[in-house]
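Topology and contacts: notes
Spelled out, the chains give:
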Amino acid sequence: MRLKRFREIFGIGLLSLSAVIVVLILCVIIFDITTKGSGVVSWEFLVDFPKEGMTRGGIFPAIIGTIFVTIITTIFSIPLGVSAAIYLSEYAKEGRLTRLIRTSIRNLAGVPSIVYGLFGVVLFVQGLHFGTSVLSAGLTLGLLTLPWIIATSEEALKTVPQSYREGALALGATKWQSIYSNVLPYALPGILTGSILGLSRAAGETAPILFTGVAFFLPKLPGSVFDQFMALPYHLYILSTQHHAIEQVRPLAYGTALVLVALVFMMNLTAIILRYKLRKKF
Amino acid sequence: MNFKKIREKGVYLFFFLTGISVVVLLTGIFLMLFFNGLKTFRDVRFIDFFFGTIWNPSAYGEPSYGILSMVVSTFMVTLGAMLIAIPLGIGTAAYIADIASPKIRETLKPIIEILAGIPSVAIGFLGIVLLGPLVARTFGLSSGLNALNGSILLAVMSLPTIISVSEDAIRAVPRDYKEASYALGASRWTTLVRVTLPAAFSGIVASVMLGIGRAIGETMTVLMATGNAIAMPHGFFDSVRTITATIAIELGEVPYGTAHYYALFAIGAVLFLMSFGVNLVAELVTAKYREGKV
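Below is a short write-up of the structure. Computed from a predicted structure; not experimentally measured.

In this section: the overall build of chain B. A count of helical and extended segments in chain B gives twelve helices and two strands. Along chain B, helices and strands appear, N-terminal first, in the series α-α-β-β-α-α-α-α-α-α-α-α-α-α. Viewed in the frame of its principal axes, chain B has a C-alpha envelope of about 75 × 75 × 35 Å. Taken over 294 residues, chain B has a buried fraction of 56%. Considering only intrachain contacts with a sequence separation of at least 6, the fraction spanning at least 24 residues in chain B is 70%. Carbon and sulfur atoms provide 67% of the accessible area of chain B, an area that totals close to 13100 Å².

Here the focus is the overall build of chain A. A count of helical and extended segments in chain A gives ten helices and two strands. When the elements of chain A are put in sequence order from the N terminus, they spell out α-α-β-β-α-α-α-α-α-α-α-α. The long-range share in chain A, meaning contacts at least 24 apart out of those at least 6 apart in sequence, stands at 72%. Surface exposure of chain A reaches about 12800 Å², of which carbon and sulfur atoms provide 68%. Averaging the locations of the 23 positively and 13 negatively charged side chains of chain A gives two centres separated by 11 Å.

This part takes up the interface of chain A and chain B. With 77 residues of chain A in contact, the opposing surface of chain B contributes 76 residues. Buried surface at the junction of chain A and chain B, summed over both partners, amounts to about 6800 Å²; 77% is from carbon and sulfur atoms. Applying the counting rule to chain A against chain B returns two salt bridges. One salt bridge in this structure joins E283(B) and R106(A), with 2.7 Å as the shortest N-O distance. Where chain A meets chain B, there are eleven residue pairs in polar contact (both at pLDDT 80 or more). Looking at the side of chain A that touches chain B, the elements that each hand over two or more residues are α1 (2-37), α3 (60-91), α4 (96-110), α5 (113-127), α6 (134-158), α8 (175-204), α9 (232-242) and α10 (250-281) of chain A. In terms of residue class, the side of chain A that touches chain B is made up of 50 nonpolar, 17 polar and ten charged.

Here we take up the packing of helix α5 (residues 120-139) of chain B against helix α6 (residues 147-171) of chain B. Residues and elements named next belong to chain B. Where α5 contacts α6, the two axes come as close as 9 Å, and the packing angle between them is 135°. Here α6 runs oblique to α5, going by the angle between their axes. The two elements α5 and α6 cross, and the hand of that crossing is right-handed. Residues S120, I123, G127, L131, G132, V135 and F139 of α5 touch α6, and the partners they reach there are L148, N149, I152, L153, V156 and M157.

With that settled, the discussion passes to the side chain of T78(B). With respect to the element layout, T78(B) can be found in helix α3 (residues 68-99). At a separation of 2.7 Å, a polar atom in the side chain of T78(B) contacts the main-chain carbonyl oxygen of T74(B).

Quick look at the pattern of salt bridges now. It is possible for side chains bearing opposite charge to pair when their charged atoms get close. All names here are of chain A. According to the stated counting rule, one finds 14 salt bridges over all chains in the structure shown. With a closest N to O distance of 3.2 Å, K51 and D48 form a salt bridge. Of the charged contacts, one joins K158 and E154 as a salt bridge, the two residues approaching to 2.9 Å between their closest N and O atoms. With K158 and E154 both in helix α6, this residue pair falls four residues apart, about one helical turn.

On to the packing of α4(A) against α6(A), then. Residues and elements named next belong to chain A. The interhelical angle for the contact between α4 and α6, taken along N-to-C directions, is 130°, at an axis separation of 8 Å. Here α4 is positioned oblique relative to α6, judged by the angle of their axes. Where α4 abuts α6, its residues R102, I105, L108 and A109 lie against P147, I150, E154 and K158. Within the contact of α4 with α6, the residues separate by chemical class into five nonpolar, no polar and three charged.

This part covers α6(A). Residue pairs spaced three or four apart in an α-helix point in one direction, given the helix's 3.6 residues per turn. All names here are of chain A. For α6, spanning 25 residues, the distance from its first C-alpha to its last is 34 Å, which sits close to the expected 36 Å at 1.5 Å a residue. When the local axis directions of α6 are compared, the greatest deviation, roughly 40°, occurs at T145, which is followed within four positions by the proline P147. Most of α6 is tucked away, with 20 of its 25 residues classed as buried.

Residues and elements named next belong to chain A. Here T140 shows up in helix α6. Taking the relative accessible area as the measure of exposure, T140 reaches 0% and is therefore buried. Note: C-alpha distance between T140 and A84 (56 residues apart in sequence) is 18 Å. The residues touching T140, leaving out its near neighbours within four places in the chain, are Y116, G117, G120, F124, P208 and T212. One polar contact links the side chain of T140 to the main-chain carbonyl oxygen of S136, over a distance of 2.7 Å.

Unusually for a residue other than glycine, H129(A) sits at a positive phi of about 55°. Mapped onto the elements, H129(A) comes out in the loop between α5 and α6. Relative accessible area serves as the criterion here: at 68%, H129(A) is assigned to the exposed category. Positive phi is not limited to glycine here, since N228(B) has a value of about 60°. Judged by relative accessible area, which is 18%, N228(B) ranks as buried.

Here the focus is a nonpolar patch on the surface. Together, F6(A), F10(A), L14(A), L17(A), V20(A), I21(A) and L24(A) line one region of the surface with nonpolar side chains, adding up to about 660 Å² of accessible area. Summarising the element assignment, L24(A) is placed in helix α1.

Let us now look at the environment of L278(A). Residue and element names in this part refer to chain A. Looking at the secondary structure, you find L278 in helix α10. The class for L278 is buried, based on a relative accessible area of 18%. Distance from L278 to P189, taken between C-alpha atoms, is 7.3 Å for residues 89 residues apart in sequence. In this structure, L278 is in contact with P189 and G190, ignoring residues within four places of it in sequence.

Conventions and cut-offs
- Residues numbered from 1 in each chain as written.
- Chains lettered and ligands numbered in written order.
- Predicted model: local features only at pLDDT ≥ 70, side-chain atom pairs only at ≥ 80, totals over all residues.
- Heavy atoms only, no water.
- Helix = DSSP H or I, 4+ residues; strand = E, 2+ residues; numbered from the N terminus.
- Buried < 20%, exposed > 50% of the residue type's maximum accessible area, 1.4 Å probe, protein only.
- Contact = heavy atoms within 4.5 Å.
- Areas by Shrake-Rupley, 256 points an atom, 1.4 Å probe, with all protein chains shown as cover.
- Lys, Arg positive; Asp, Glu negative; His and termini not counted.
- Charge placed at Lys NZ, Arg CZ, Asp CG, Glu CD.
- Buried area = accessible area lost by both parts, 1.4 Å probe.
- Salt bridge = Lys/Arg side-chain N within 4 Å of Asp/Glu carboxyl O.
- Polar contact = N/O pair within 3.5 Å; in protein donor to acceptor, adjacent residues only side chain to side chain.
- Nonpolar A, V, L, I, M, F, W, Y, C, P; charged D, E, K, R; others polar.
- Axes fitted to C-alpha atoms, helices over the stretch in contact; angles between N-to-C directions.
- Parallel < 35°, antiparallel > 145°, perpendicular 65-115°, else oblique.
- Left-handed = near helix turned anticlockwise from the far one by under 90°.
- Expected span 1.5 Å × (residues − 1).
- Bend = angle between axes of the 7 residues up to and from the residue.
- Patch = residues over 30% accessible without salt bridge, like charges linked within 9 Å, V, L, I, M, F, W, Y side chains within 5 Å.

The following block contains the structure:
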């Protein structure tokens, strides 16, 4: 009896311990980056160009580049992803084709990000002659986030009660009119939440942009979608592995890491709060 | 009236095409890798490619294209990552699904999500500045950039996937199973280990498969934190170079259209097939699970 009691406490203690370890891992990550990065991050760091071979100055072009490429990703992947989700949730009948589409989405979600990079090189950089540019990189990241956006948007569409659709149809609306006026508005917050989460992943990705448009250093901001760009994740990669004076630029690397993690964190937080408010409403 | 009908048809066609686009994309990725990769074998023998251990495509005179060491390296860091992430992930999932109070659960879930959102390049960076030196100090090594370092970091990267998918699976176990067990006098721990976890088994397997897929395909973390020595590894203290890292390092420097260029697509195809296989297993297990439940 005592052994049983011991096993009970020990077992449950072990499970609690694993949860504590996971939380601690996140704490260590955030703590280390915040404490060592916060001394570097200042207004000048955010709005200055890198100076003297990236040993001093700020990360302004990397921030702008990441925002620019994420905008391209958004313009491409959200309309396409949401449309595909509308097809799956509103039009598709269960059958072999629909199953094939769903299997493809799940498999696309598992394709390694570097493979998207290879695909981007062949399709956008060489095939469509976009060159290494913001456009190529943004489209590559768009493909990467597509399965995520479809999956979360479909889930959002599924939560809209069936009676909303039927109400519109009963009043003589066509299918599209019912989707447009009675389904999309109610699914919109959910779609937004999923999309923000997907885009935050894209903003932090490095591998897909390595060969599709990101640059080591540029003296000015990209002027058009056909220019190369600097990006926060790649800048962090360079500062921590490729720079000629790695020890000297370590504080700058920490500052870049902090800005990158903070950016992604804020996007995540927006999505999580949005979802929380949403759940209370329904 | 007629206009309306045409519009409806057009709208349907538009959504249908966007729906089908994902199939086209997946097929396109596969064909692109396959046909570009195939061109490698104009210059390289099949057997040398898959079973050769020396990868040195830029060697003067006699370049070699053996991928075995990097395949072994990829498997090794993935195995190491899973040894850490599977017990930790399933333990955490069981805690969140079965033991935690609703309040703690509602706090833990966003925390897992935030962990999932940390960019891989930031994890790799911490592997260089924080974990690597720690590994070196603990084991008395000259450098901490090795397979062990990579494994721990990959475990961190695959944990959120394993936790969230396992947790869903554990929570999906019908209440009656647990209640029946309690009614028979079983304790909380016994019920969890003997009833709930076995009932969620296929979902847990699927979560592990997805975690493995994540670890195999991860690029930046291993690129930054494993040292990238290109040789057959002998243990977890050796520096390794994975498939993903090789593509990331070499694609930028290789001249277009050479055997080396195509070889990078060939290893990309190998990588694609590995993650495809892992996903397929996850898919089959989940399908079986759904059948079993109905």
